[in-house]
Structure formats: C-alpha cells, structure tokens
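A structural walkthrough
Listed here are the chains, written in short residue letters.
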Amino acid sequence: HCVGIIGAPFSKGQQRDGVQRGADLIRAAGLVQKLKGQGCVVKDYGNLIFEDIPNDEPIGRLKTPRAVGRANELLAGAVLKIKSDGNTCVMLGGDHSLAIGSISGHAASRHELSVLWVDAHADINTPLTTPTGNIHGQPLSYLIHELHSKIPIIPHFSWLKPCVAAKDIVYIGLRDVDPEEHYILKHLGIKMFSMTEVDRLGIAKVMEQTCDHMFSKVKKPIHLSFDIDALDPSVSPATGTPAAGGLTYREGIYITEHICQTGLLSAVDMVEVNPKQGKTEDEIKSTVNAAVDLILSCFGRVREGSHEPDYQIP
Ligand SMILES: N[C@@H](CC/C=C/[B-](O)(O)O)C(=O)O
Ligand SMILES: [Mn+2]
Ligand SMILES: [Mn+2]
Ligand SMILES: [Mn+2]
C-alpha cells in the first residue's frame, strides 16, 4: 500500500474548539511509523495552513461559510495532488465539513466514486434545512448531484461542483438523524445501515450487503469517510457530537478490515477527534488509538497477525 497523509487542522464546520488538533494527535500516536511497520510506503504531506478569514459573518443560518469554503478548496487541491502521485489518500481532520474538499479532490482524480459514510449522523442537511448552521452536518448535500438545486450560491464555494450520485453512497452507524435528513435519505433512496440494521444483521452481513450495493453495477474506487463519533462513546468519547449506542471497537475494525480486502480503497477521511471533548487523558487516548487502529486496518493490519513471506523458523 502506498499511503499519502494530509492533515487538515480545521474546526470551523462546527462550534467546539479542539477538533483542529486531531491530525497532530493521530500522528503523535505513531500512525506513520505503524503504517511503515506493516509494510506501507508512506508519504506525509504535512498539514494544510488555513488563512484566517475576517468578517466571516453568517449567511442565512450558515456559520463561518467563507472559511469552510476556502479550507475545502485548498483540501481538494491537496487530495488531487496526493491521488495524482499514486497514493491512497488519508485525510486527518478536523471536523467533517472537510469531506467536501476531500471527496471533491478525490472525484477530480478518480471521477466515479463509491462513498462509504461511517457516522452516527447523516451529515446531509442543506443550508436551508440545517438546525445548527454547522457545516459539518451538511457536507454530503453539497456533493450529491440530486441535491444541487437545493444549494444556494455561497461565497468561496464557487469552485465546488457536485460529484457523487445518491446511489453510490452507503451509510453505516446512523443513530442521530434530523427529520429533514431522514426525508432526504428516503426520497433519494440512499442505502443506509443504521444501528438498527447493525443490530439486526450483524456487522458481517452489513459489510456483505454494503459491498453488494457498491459493486452492483461497476466496481468504483471507494472513498471511506469515517467520523470517529460512529463508534460508541465508551470507545471514542473525545468527539464533538457523541451519540449513545454506537459501533463497538470490533465492529469498526471489521468495517475497515473488510474494506481493505476489497482492494478498492482509494481515500480515507478520519475526522472529529477532539481532545478538548475528552474528560480525561485516558478518554483522549482511547479515541486517538481507535482512530489509529482503524486506519491501520484500512491498510492491511489484521487481528490474526501476519508474518514475512520468507520467514523460516530458526
Ligand atoms: N445533524 C446535526 C449534527 C451534525 C453532526 C455532524 B458530524 O457527523 O460531523 O459529527 C447538525 O446538522 O448540526
Ligand atoms: Mn458524526
Ligand atoms: Mn460526521
Ligand atoms: Mn462531529
């Protein structure tokens, strides 16, 4: 696996300070060394630098829209570069509004994508349905062809074109969905495995059916957008919008082990780690370690272990 890492220390898709530190915390936990240790070729492209945008007044309900638009324009360019260099891209957030740039940049490189959105939340509010104005609850609405007519003109978003079809999106982990989002999901017929389906089917069947859906027509590169709040707060408490009854650590790892073995993983987002939302050092560690382990499992780590192909017992 050739892996390109980009850090996006960005927090203005929501209101809680601290999520901008997620990328460096994940690096400090040894992500690069551990990926190299399991045989990956790793290039760390560093952190994006986001210029402050003064007077970024709300537009309608939207909060800090210009900063979000600009940050994602930069990120899209960086992800395109990382893909053009032949890597699988790993974007370390920062909040989930960054999926706007990550998926846009990925689509600029690989065009038709399957998007697997692992999250407690649907993140598909439009600028007119959002209950909070926080753009980390809206990224998919900007990206989906079928919702294009529902997105107003927003300063610093003129670079953005929708690039994903509703049929190419699958959700796993939903358990905190706004009514407006639920209508959109049903109206667009988007495939979803909420926590009810995870409980009913078990994670193995969920992954089997997820892959059946993604590969029902043509096999496309996979963009995995993983919001750490998909995991149960007992595993990943240090995040901005925790919701009870989430995925176990084992279910999260099963998802990423399974996606790895498809051989189609082309980009990963790991977002919403927020150290300031952890009550103790241990809560932060548990959250960061889960994020690291999920990424390692995207790139070949398996729980049964592994050995060098030419190993001989001495
Ligand atoms: N649906 C809520 C919550 C959004 C949660 C965003 B997250 O999934 O990125 O954590 C909103 O629109 O503000
Ligand atoms: Mn979420
Ligand atoms: Mn999210
Ligand atoms: Mn969040």
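Note that the structure is predicted; figures quoted are calculated from it, not measured.

**Some thoughts on the packing of aromatic side chains**
Under the definition given, this model contains 2 aromatic pairs. Pairing Phe-10 with Phe-50 gives two aromatic rings, centres 5.3 Å apart and planes at 65°, and the pair type is edge-to-face. Of this pair, Phe-10 sits in the loop between strand E1 (2–7) and helix H1 (22–28) while Phe-50 sits in the loop between strand E2 (41–47) and helix H3 (65–84), placing them 40 residues apart in sequence. Pairing Tyr-142 with Phe-157 gives two aromatic rings, centres 5.2 Å apart and planes at 25°, and the pair type is stacked. In this pair, Tyr-142 sits in helix H5 (residues 139–143) while Phe-157 sits in the loop between H5 and strand E5 (169–172), placing the two residues 15 residues apart along the sequence. Take Tyr-142 and Phe-157: they sit in the same class, and that class is buried. We note Lys-219 situated over the ring of Phe-215; from NZ or CZ to the ring centre the distance is 4.9 Å.

**Some thoughts on the site of ligand 1**
Near ligand 1 lie 15 residues; those nearest to it are Asp-123, Thr-132, Asp-178, Asp-229 and Thr-241. Within the side chain of Asn-125, one N or O atom sits 3.0 Å away from an oxygen atom of ligand 1. Contact between ligand 1 and Asp-229: an oxygen atom at 2.9 Å from a side-chain N or O atom of the residue.

**A short note on the coordination of the manganese ion (ligand 3)**
The coordination sphere of the manganese ion (ligand 3) contains the protein donors His-96 (ND1), Asp-119 (OD), Asp-123 (OD) and Asp-227 (OD), at a distance range of 2.1 to 2.2 Å. Between the 6 donor atoms coordinating the manganese ion (ligand 3), the angles at the centre fall across 61 to 173°, so the site counts as irregular. Mapped onto the polypeptide sequence, the residues donating to the manganese ion (ligand 3) form the spacing pattern H-x22-D-x3-D-x103-D. A separation of 3.3 Å is found between the manganese ion (ligand 3) and the manganese ion (ligand 2), both of which receive a donor from Asp-119. Pair noted here: His-96 is in the loop between strand E3 (88–92) and helix H4 (99–110) and Asp-227 is in strand E7 (residues 222–227), with a separation of 131 residues, a long-range link. Asp-227 matches His-96 in its accessibility class, with the two residues each being buried.

**Some details on unusual backbone geometry**
Note the cis peptide between Gly-93 and Gly-94, where omega equals 0°. As for its position among the elements, Gly-94 is in the loop between E3 and H4. Of note in this structure, Asp-123 is not a glycine but carries a positive phi near 50°. Along the polypeptide, Asp-123 turns up in the loop between strand E4 (114–118) and H5. Within the chain, Glu-272 stands out as a residue other than glycine whose phi angle is a positive 80°. Inspection of the secondary structure assignment puts Glu-272 in the loop between strand E8 (265–271) and helix H10 (281–298).

What counts, and where the lines are drawn
- Residues numbered from 1 in each chain as written.
- Chains lettered and ligands numbered in written order.
- Predicted model: local features only at pLDDT ≥ 70, side-chain atom pairs only at ≥ 80, totals over all residues.
- Heavy atoms only, no water.
- Phe/Tyr/Trp six-rings, centres within 6.5 Å; stacked < 30°, edge-to-face > 60°.
- Helix = DSSP H or I, 4+ residues; strand = E, 2+ residues; numbered from the N terminus.
- Buried < 20%, exposed > 50% of the residue type's maximum accessible area, 1.4 Å probe, protein only.
- Lys NZ or Arg CZ within 6 Å of the ring centre and 35° of its normal.
- Near = heavy atom within 4 Å.
- Polar contact = N/O pair within 3.5 Å; in protein donor to acceptor, adjacent residues only side chain to side chain.
- Donors = N, O, S within 2.8 Å, 3.2 Å for Na, K, Ca; no water.
- Tetrahedral: all angles 85-135°; square planar, octahedral: opposite > 155°, others 65-115°.

This is a description of form; function is not addressed.
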